[in-house]
Structure formats: C-alpha cells, structure tokens
Amino acid sequence: MTTNDSSFQVSTDQSLLDIPMIYRFLSEQSSWAVGISQPIVERAIENSLCFGGYLDGRHIAFARVITDFATFANLVDVFVVPEYRGHGYGKQMVAAVLRHPSLQHLRRFTLATGDAHGLYERFGFTAPSKPETLMERYFPNIYVS
C-alpha cells in the first residue's frame, strides 16, 4: 500500500524502510524504547505491518501495527523525526494506517500515548470504555542496562 499527498508518501513496503534510522530514533530519542537493541527492532519490524513516511525519498516518519488482521490491532512506534514535525506528517501517517485495507472492520484498535492524545482523538481513539477490564505487564526500563 502506498499513499501520496504532494511530496509526502506513505508505504508499507518493508524493503524501503531505513532500519538504521528507525533503530537510532527508537533507541536514542523515543520516550518509550530508549536502549532497545537493533536486533529487537529488526524482529519487531519483521513481525508487524509497518508504515514508512517519505518526503522527497527521505524516510522521515514511521508507524508499526501489531495485528491479527481479523479482530485486533495495536498501533505502536509512531514518530516523525524532529526536524520534520509540525507539518502534518504525523496526521498523514495515522490516516494511512487507518485506511489500510487489512485493518478494516477490527473489533478493537488500541494504542498507548503519553503526550499525543489530541492527535489520536481526531481519528476516533478514546480512553478505554472499560478501563477496569484492562490489565498489563509493563517493564518500562527493560532496554536500559
């Protein structure tokens, strides 16, 4: 799947992904995966539906969806590199994710965010309707040695 809005393009072609750039961002600049190893990033990408955002051929944005393609999806690792933020590329990435044909008619589509609630609310994401039913095992510093 490829979408194009002016010179910004979104593609699910994994061969186009700049894995070293994704790894550097996640391991050094993200608030959720600092210290993650490159082999773990590569394994996560191999086992997910990934979206690359490209501006004039340069990989500047990324999103990853963990899904069974039938009932459930979880949106993770969404980012736009800092020097390209504020131009709507994040919105275009999320829109492309939600338009993907294999992600239609899912019963539940989740995500976790610490600071981008406004972005995701535009696309219909809300706080869980029954938060008391949700549980997790969370190890926030698992990648930090």
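Refer to the structure above for everything that follows.
Because the structure is predicted, anything quoted here is derived from the model rather than measured.

Enquirer: Outline the overall build of the chain, listing residues and values.
Expert: Regarding its fold elements, the chain presents four helices and six strands. Helices and strands appear in the chain in the N-to-C order β-β-α-α-β-β-β-α-β-α. Expected size for 145 residues packed as a compact globule is a radius of gyration near 15 Å; at 15 Å, the chain falls within 12% of this value. Each principal axis of the C-alpha distribution contributes one length, and for the chain these read about 45 × 40 × 25 Å. Considering only residue pairs separated by 6 or more positions, the chain has 61% of its internal contacts joining residues 24 or more positions apart. Per element, the accessible surface of the chain, about 9000 Å² overall, is 51% carbon and sulfur.

Enquirer: A description of the environment of E42 should follow, citing residues and the corresponding values.
Expert: On the secondary structure map, E42 appears in helix α2 (residues 38-46). Each C-alpha atom of the pair E42 and I19 lies 7.3 Å from the other, and the pair is 23 residues apart in sequence.

Enquirer: I'd like a description of helix α1 (residues 19-29), backed by residues and values.
Expert: Buried within α1 we find I19, M21, I22, F25, L26 and S27. Those residues of α1 that are buried are in contact with α2, β4 (58-67) and β5 (72-80).

Enquirer: Now, about the packing of aromatic side chains: what can you tell me, with residues and values included?
Expert: Two aromatic rings, taken as a pair, are described by how far apart their centres are and by the angle between their planes. Scanning the entire structure with this criterion turns up six aromatic pairs. Between F25 and F79, the ring centres sit 3.9 Å apart and the planes meet at 10 degrees, which makes this aromatic pair stacked. In this pair, F25 sits in helix α1 while F79 sits in strand β5, placing the two residues 54 residues apart along the sequence. In this structure F25 comes out as buried when scored by relative accessible area, which is 5%.

Enquirer: Give a detailed account of the nonpolar core, specifying residues and quantitative values.
Expert: Ranked by size, the top nonpolar core spans 39 residues in total, and within it I22, F51, V65, L103 and F109 carry the most contacts. Beyond its immediate chain neighbours, meaning those up to four positions away, F109 contacts V65, A73, L75, V97, L98, L103 and F125.

Here is what the cut-offs are and how they apply
- Residues numbered from 1 in each chain as written.
- Predicted model: local features only at pLDDT ≥ 70, side-chain atom pairs only at ≥ 80, totals over all residues.
- Heavy atoms only, no water.
- Helix = DSSP H or I, 4+ residues; strand = E, 2+ residues; numbered from the N terminus.
- Rg over C-alpha atoms; globule rule 2.2 N^0.38 Å.
- Contact = heavy atoms within 4.5 Å.
- Areas by Shrake-Rupley, 256 points an atom, 1.4 Å probe, with all protein chains shown as cover.
- Buried < 20%, exposed > 50% of the residue type's maximum accessible area, 1.4 Å probe, protein only.
- Phe/Tyr/Trp six-rings, centres within 6.5 Å; stacked < 30°, edge-to-face > 60°.
- Core = buried A, V, L, I, M, F, W, Y, C linked by side-chain atoms within 4.5 Å.

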